[in-house]
Amino acid sequence: MHFEPHPFALMLQATEASAGGTYLVLVLGISILSLLVAVLFSRYVITQDSGTSEMQRISNAIKEGAEAFLRRQNRTIVSLAIVLALVIYAGYLLAKNDATLAVRMTISFVLGSLCSLLAGFCGMWVSIRTNIRVASAARGSLNRALQIALRGGAVTGLSVVALSLLGVGVLFWFFGGLEDPRGVPSQIVAFGFGASFVALFAQLGGGIYTKAADVGADLVGKVEAGIPEDDPRNPAVIADLVGDNVGDCAGRGADLFESTAAENIGAMILGVSLYPVFGILGVIFPLVARAFGLIASIVGVMVVKAREDEDPMHALNRGYYVTTVLALAGFYAAVHLLLDGNLMLFAAGVIGIVTSFLFVYITQYYTEYRYRPVKVIAESCKTGPATTIITGLSVGMECTALPVFVITAAILGSYYLGQAAGLPGVPPESAGLYGTAIATMGMLSTAAYILAMDTFGPITDNAGGIIEMSRQPDEIRERTDRLDAVGNTTKALTKGYAVGSAALAAFLLFSAYIDEVKIALGHQRGILPEEALASLPFTVDIGYVPVFTGALLGAMLVFLFSALAIRAVGKAAQTVIEEVRRQFRENKGIMAGTSDPDYGKCVDIVTKGALKAMVLPGVLPVVGPVAVGVLYRNFTAANGTVSEAGASGFVSTPVGAAAVAAFLMVATIGGILMALMMNNGGGAWDNAKKYIEAGAFGGKGSEAHKASVVGDTVGDPFKDTAGPSLHVLIKLLSTITLVAAPLFI
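None of the values given here were measured: they were computed from a predicted structure.

A. The pattern of salt bridges, seen in detail. Counted according to the given criterion, the structure contains 24 salt bridges. A salt bridge links glutamate 398 to arginine 372, with the shortest nitrogen-to-oxygen separation between them at 2.6 Å. Taken together, the residues span a long stretch of sequence, with glutamate 398 in helix α13 (residues 385–398) and arginine 372 in helix α12 (residues 372–380) at a distance of 26 residues. Its relative accessible area of 32% is what places glutamate 398 among the partly exposed residues. Overall, the relative accessible area of 40% leaves arginine 372 in the partly exposed class. In this structure, the salt-bridge partner of aspartate 686 is lysine 689, at a minimum N-O distance of 3.8 Å. Of the two residues, aspartate 686 and lysine 689 both sit in helix α23 (residues 655–693), 3 residues apart, roughly one turn of that helix. The buried category is assigned to aspartate 686, whose relative accessible area is 12%. One network of salt bridges, in which partners are shared, links Lys211, Asp686, Lys689, Lys690, Asp712, Asp716, Lys719 and Asp720.

In structure tokens:
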């Protein structure tokens with residue numbers, strides 16, 4: 001289907017470069033505006049009342065611990081990033097003998113890394129100052145506390161998406177994308193790799209920290225000492241509250257930053273194949289669509305308001321619905337202006353938005369105690385920890401089915417809508433892949449609001465901890481408990497959204513990798529990019545031995561990475577448990593309430609353990625695919641190629657590139673399934689414990705409760721360390737193969 005272009009669009013399309021420049025200025029302008037709104041939100045939060053002196057003492061301890069960890073973590077990440085930047089520069093210079101390309105790739109990587117670090121820092125800086133103000137506001141009004149927490153979270157959401165857009169847009173302009181829109185997108189793929197590299201370490205380090213502290217605090221505090229959660233007598237309680245910020249704020253912020261950055265770049269690369277139809281507008285369409293989503297998210301955050309007797313989740317849902325409707329309208333406007341109003345492509349975007357809703361509801365079904373899966377786990381707690389763990393594992397494995405059906409339907413539907421879009425001169429496969437790219441854009445169109453809801457979780461969790469530790473009246477704790485319960489739900493839902501977007505983005509990036517290989521092959525043969533995409537074949541023959549073994553290595557990587565991440569939590573948690581036991585044993589005044597625990601000791605132990613443990617699992621996915629591509633490029637029987645017939649004649653597919661494609665394909669599939677199992681299984685264990693704490697099967701202190709705490713501690717590294725880190729792993733593998741693709745040929 002086709003609409004006549006809007007008169008404004010006709011005026012802007014007088015020349016291709018001026019049209020692209022106008023829309024690019026619009027994207028950069030909206031990005032800067034969003035950052036200004038984030039500054040206004042942060043100023044609004046900071047001007048709120050900061051509570052009593054006792055509340056401030058606790059908040060300052062959380063703030064100091066979080067900032068100290070982030071400084072030390074960022075120093076480690078920067079050191080590794082500098083080494084990798086030098087490797088990227090030397091690799092491109094020596095392998096391709098192209099100094100300009102080497103410099104551009106290095107600049108892209110460095111800027112992506114810096115923007116990712118900045119996005120995480122901005123979000124956490126505000127969140128560790130918002131918690132005390134939410135706690136203070138809760139003394140008088142639930143609605144005011146809700147609005148402060150969401151606007152504090154929105155600083156993270158807006159900063160992440162706006163910095164992603166700003167970075168990609170500036171690089172595209174600076175590298176001459178308006179003059180060479182077909183060549184420049186492949187020169188900025190290292191921006192996505194830099195973002196993914198930082199995100200993996202941020203998510204790993206934060207996840208190891210938060211769960212090591214949480215497991216240590218729960219097992220000794222709840223099970224052994226029998227004291228409540230967030231009890232000030234627990235020496236690990238401050239480390240636990242710090243972990244909420246470094247894991248769920250900084251870590252998740254970096255995660256979604258690299259999702260939006262990598263998806264933008266991947267969609268721009270696929271847009272090159274549509275150049276004969278839409279010109280530069282098809283290449284920059286992803287940036288414009290994402291910019292309109294930012295405006296929708298700002299409005300959504302502003303309209304959130306709750307009655308004092310209302311479930312706060314209803315207010316957050318209303319904001320999400322407003323954001324979705326406005327994002328849908330903005331998406332339609334972008335399609336109308338840049339893609340000639342093609343309704344098939346718009347429908348592909350709608351599929352992405354529907355997919356995000358379905359993922360949220362599937363996650364809700366498997367992780368909320370109102371539904372069968374959590375109730376089944378809770379009932380199994382009556383017979384001890386063993387049956388609790390067995391039942392939880394079965395629920396985690398079961399919950400992979402529905403999301404896979406949804407992903408399958410979304411990819412197939414958007415692919416065939418792309419093919420049906422009626423794009424003259426574009427191969428059906430390229431049109432279909434662009435349809436899947438648009439579906440991914442649709443799913444991520446509400447990313448800023450989703451991330452605001454996610455950051456809302458640790459802010460309200462911290463606020464509840466501050467109220468508990470400062471011994472505020474029960475009615476105030478009841479308000480923060482209501483907000484905290486909603487925060488637990490939003491964190492779980494965001495994990496579902498994140499893995500769904502990771503699945504669609506990974507398929508998009510896999511397609512972009514194949515296109516990048518074709519473009520590199522075409523460059524060797526003197527063929528223009530769009531001709532190479534249309535004429536050069538590239539098949540991944542899983543029956544060919546080197547390609548099959550590459551796929552096998554990809555599957556193994558997912559399991560080895562997960563094992564290292566979970567083991568790191570267990571090792572760090574052991575040191576925390578030993579320290580908490582030591583303090584209880586040597587200082588009897590802690591349990592009597594006559595002396596304070598040494599909170600700083602636990603914070604220091606977890607910080608050192610997390611930073612040390614994150615390096616090996618973080619380096620593994622960086623080295624793995626590059627090693628496969630470089631080694632398999634030479635380790636073949638036919639001089640590194642498999643011959644096949646293509647539209648441009650008899651050509652050869654490089655086996656190194658094909659082996660990496662198989663590695664990437666199988667690692668992506670395995671990573672998605674493993675992440676779904678860990679995220680939802682861990683969340684179900686957690687909420688089974690909360691269900692029992694609410695009074696089921698004997699309530700707090702019962703044998704069922706003790707078994708549920710064991711299940712929860714097993715699930716903690718699943719849902720907050722390995723699972724979320726796998727989201728990043730999936731996209732990191734895609735972005736590093738995009739960057740290194742020319743080295744495999």
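B. The arrangement of the confidence of the model for the protein in detail. Overall, the prediction assigns the protein a mean pLDDT of 84, with 94% of residues at 70 or greater. Across the protein, element-level confidence peaks in α13 with a mean pLDDT of 94 and bottoms out in helix α1 (residues 7–12) with 43. Throughout residues 1–14 the model reports pLDDT below 50, and contacts reaching past four residues in sequence, or to other chains, amount to 25 contacts. Note that pLDDT drops below 50 for residues 637–651; the model gives that stretch 34 contacts with residues more than four away or on any other chain.

C. Broad picture of the packing of helix α7 (residues 237–271) against helix α9 (residues 280–302). In the contact formed by α7 and α9, the axes pass within 6 Å of each other and the chain directions differ by 150°. Our classification of the angle between α7 and α9 gives roughly antiparallel. Across from Thr260, Glu263, Asn264, Ala267, Met268 and Gly271 in α7, the residues of α9 making contact are Gly282, Val283, Pro286, Leu287 and Arg290. For the contact of α7 with α9, the per-class residue count stands at 5 nonpolar, 4 polar and 2 charged.

D. The arrangement of the packing of aromatic side chains in detail. According to the stated counting rule, one finds 20 aromatic pairs in the structure shown. The interplanar angle of 65° and the centroid separation of 5.0 Å between the aromatic rings of phenylalanine 197 and phenylalanine 201 together place this pair among those described as edge-to-face. One end of the pair is phenylalanine 197 and the other is phenylalanine 201, both in helix α6 (residues 189–224) and 4 residues apart, which spans about a single turn. Of the residues examined, phenylalanine 197 reaches a relative accessible area of 4% and is grouped as buried. Between the aromatic rings of tyrosine 320 and tyrosine 449, the centroid separation amounts to 6.3 Å while the plane-to-plane angle is 15°, which identifies the pairing as stacked. With a gap of 129 residues between them, tyrosine 320 in helix α10 (residues 312–338) and tyrosine 449 in helix α16 (residues 447–469) connect regions that are remote in the sequence. Overall, the relative accessible area of 4% leaves tyrosine 320 in the buried class. Site record: aromatic cluster; members linked through ring pairs are Tyr320, Tyr321, Phe357, Tyr361 and Tyr449. Over the aromatic face of tyrosine 44 sits the side chain of arginine 151, whose NZ or CZ is 5.0 Å from the ring centroid.

E. Quick look at helix α24 (residues 703–740). In a regular helix each residue adds 1.5 Å, so 38 residues correspond to 56 Å; α24 covers 54 Å between its end C-alpha atoms and thus fits that length. By the largest-angle criterion, glycine 715 marks the main kink of α24, which is about 35°, and a proline, proline 717, follows within four residues. Within α24, 34 of the 38 residues are buried, which leaves it mostly tucked inside the rest of the structure.

F. Structural context of the environment of leucine 163. With respect to the secondary-structure elements, leucine 163 resides in helix α5 (residues 142–174). Each C-alpha atom, one on leucine 163 and one on glycine 112, is 9.4 Å from the other, the two residues being 51 residues apart in sequence.

Quick notes on the rules
- Residues numbered from 1 in each chain as written.
- Predicted model: local features only at pLDDT ≥ 70, side-chain atom pairs only at ≥ 80, totals over all residues.
- Heavy atoms only, no water.
- Salt bridge = Lys/Arg side-chain N within 4 Å of Asp/Glu carboxyl O.
- Helix = DSSP H or I, 4+ residues; strand = E, 2+ residues; numbered from the N terminus.
- Buried < 20%, exposed > 50% of the residue type's maximum accessible area, 1.4 Å probe, protein only.
- pLDDT = per-residue confidence, 0-100.
- Contact = heavy atoms within 4.5 Å.
- Axes fitted to C-alpha atoms, helices over the stretch in contact; angles between N-to-C directions.
- Parallel < 35°, antiparallel > 145°, perpendicular 65-115°, else oblique.
- Nonpolar A, V, L, I, M, F, W, Y, C, P; charged D, E, K, R; others polar.
- Phe/Tyr/Trp six-rings, centres within 6.5 Å; stacked < 30°, edge-to-face > 60°.
- Lys NZ or Arg CZ within 6 Å of the ring centre and 35° of its normal.
- Expected span 1.5 Å × (residues − 1).
- Bend = angle between axes of the 7 residues up to and from the residue.

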